Amino acid sequence: MFSSSDSEILNIVIFDGNTGHDWKSIFTEYEKKINFKYRLIQCSWMETAITTFIEPSKNVDEKKETCLMKIAPVFDSLSDIRRPETITIKPNFLIIRNQCRALTEESDKRDVLYGLMISDIPSINTLQSMYQCLERPIMYAGLRTIEKKLGSKKFPLIPFNYHSSYQQMIISPEMPCVVKVGHAHRGMGKMKVSDTTQWADLRTIIALNDTYSTCEPFIDVAYGIRIQKIGKNYRAFKKEMSGSGWKSHFGGSSLVEMELKDEHKLWVDECAKQFDLDLCAVDALCDKNGKEYIIELNDSAIGFTTGFWVEDTRNVVELAIEKIKKIYK
């Protein structure tokens, strides 16, 4: 630990591979609030590696742990080095805006997350919360805990089934349903199943990689709902479907800001408490009869709407400065 009087520079690593996101400008707006020296390193999970080790010490009761990150930076505030060139730094704080795992084996950087967890690097969101949200069944388990506490009227989680393998997909659910395969998000690995024949066909496809799957009833959607929370700041959006497909990610949709209702604020507040999240969003569906269904929790990787990116990112930076001041007194 070090204070603002130290000559050491605090390394803030921002996991955001988008070169169009100007984090330096946002931090510059808060220079008067920042009483510590810092370096911003913006990067993608895909271009990082990590090692942690215990440095030798004569005192057996004193363990000094070192964490080193090798990064090909999108941006580095203290150097002109940019990817594919690399730097090696000791991370002091993390701002996480992307998931460490995408669709393919090559894009799975959970090994970096594990190293950061071992070193207990402080972050937004916490590394433990990020780990919990990587797999859909773990996320669902947390949501179900909230449902049991509040009741389904206050927390209307969509009913779902879980199958650890294609071999357990023997009894088909009520049709139509939506099957979600593995950990993937953003519309990937997801299929609408209309009848038992399609269910049987899908079962043979899942057998190729034999991973887990979940299934839930297909909702005849009027519109979608997203409730976003960044610290004490909230936004509510109505997702209007504009395409012909049933998936909003591919069929087309737009987010329109709407008034935040108390019952929706309860959803996201309870999720933040359950998963220890500073930054999150709850996604829900409203059917054509006006009934709402919570379908998903998004953690650090929630995409900010283009028109609100600067304001929302300011809220993230304020949270980061507040946390850093508490940790590095």
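Here the structure is a predicted model, which means the values were calculated and not measured. Every chain is numbered on its own, with residues counted from 1 as its sequence reads. Totals for whole chains, interfaces and linings use all residues, but because this is a predicted model, local features are given only for residues with pLDDT of at least 70 and pairs of side-chain atoms are given and counted only at 80 or more. Just so you know, side-chain values use all the structure's heavy atoms and leave hydrogens and water out.

(A) Spatial organisation of the overall build of the protein. The secondary structure content of the protein amounts to eight helices and 17 strands. A radius of gyration in this sense is built from C-alpha atoms; the matching globule rule multiplies 2.2 Å by the number of residues raised to 0.38. Since a compact globule built from 329 residues should have a radius of gyration of about 20 Å, the 22 Å found for the protein is in line with a globular shape. Based on the C-alpha atoms only, the size of the protein along its principal axes is roughly 65 × 45 × 40 Å. Taking all 329 residues of the protein together, the buried fraction comes to 47%. At a minimum sequence separation of 6, the contacts of the protein that also span at least 24 residues come to 66%. Residue exposure ignores everything except the shown protein chains as possible cover, and the areas themselves are Shrake-Rupley values with a 1.4 Å probe. Carbon and sulfur atoms make up 49% of the accessible area of the protein, which amounts to about 16800 Å² in all. Residues scored as charged are limited to Lys and Arg (positive) and Asp and Glu (negative), so that His and the chain ends carry no count. A charged residue contributes its charge at one atom only: NZ of Lys, CZ of Arg, CG of Asp or CD of Glu. Looking at the protein, you have 44 positive and 45 negative side-chain charges, and the mean spots of the two groups are 2 Å apart. Per the convention used, a helix needs a DSSP run of H or I reaching at least four residues, while a strand needs a run of E reaching at least two, with both numbered from the N terminus. Summary of the burial criterion: residues with accessible area below 20% of their type's maximum are buried, those above 50% are exposed, and those between are partly exposed, where the area comes from a 1.4 Å probe applied to protein chains only. It only takes one pair of heavy atoms within 4.5 Å for two residues to be counted as in contact.

(B) Seen up close, the sheet that holds strand β16 (residues 279–287). For two strands to pair, DSSP has to find at least two bridges joining them. Strands sit in the order β15-β14-β13-β16-β17 across an open sheet of five strands; the sheet is antiparallel. Both outer strands of the open sheet, β15 (253–258) and β17 (292–298), are each paired with one neighbouring strand and no more. Neighbour to neighbour, the strand axes of the sheet diverge by 25° on average, direction disregarded. Only the stretch in contact is used when a helix axis is fitted, and all axes are lines through C-alpha atoms; the angle between N-to-C directions ranges over 0 to 180 degrees. On the sheet, helix α8 (residues 309–327) packs against β13 (221–230) and β14 (233–241) and is oriented at approximately 35° with respect to β13.

(C) Expanded view of α8. A helix is expected to span 1.5 Å for every residue after the first. In this model, α8 (19 residues) spans 27 Å end to end at C-alpha, consistent with the 27 Å of a helix rising 1.5 Å per residue. Taken together, the buried positions of α8 are occupied by W309, D312, T313, N315, V316, V317, L319, A320, I321 and I324. Contact partners of the buried residues in α8: β1 (10–15), α1 (23–28), β7 (93–96), β8 (123–124), β13 and β14.

(D) Local environment of the side chain of Q42. Mapped onto the elements of the fold, Q42 is located in strand β2 (residues 38–43). Its relative accessible area of 4% is what places Q42 among the buried residues. Among the polar contacts made by the side chain of Q42, one reaches the main-chain carbonyl oxygen of N18 at a distance of 3.0 Å. Excluding its chain neighbours within four sequence positions, the residues that come into contact with Q42 are I14, D16, N18, H21, W23, P73, V74 and F75. Residues adjacent in sequence count toward polar contacts only when both atoms are side-chain atoms; beyond that, a polar contact is any pair of N or O atoms within 3.5 Å, and within protein one must be able to donate a hydrogen and the other to accept it.

(E) Spotlight on the confidence of the model for the protein. Looking at the protein, the pLDDT average stands at 92 and 95% of residues meet or exceed 70. This model gives residues 1–6 a pLDDT under 50, and the stretch forms 13 contacts once residues within four places in sequence are excluded. Here pLDDT means the predictor's own confidence in every residue, given as a number from 0 to 100.

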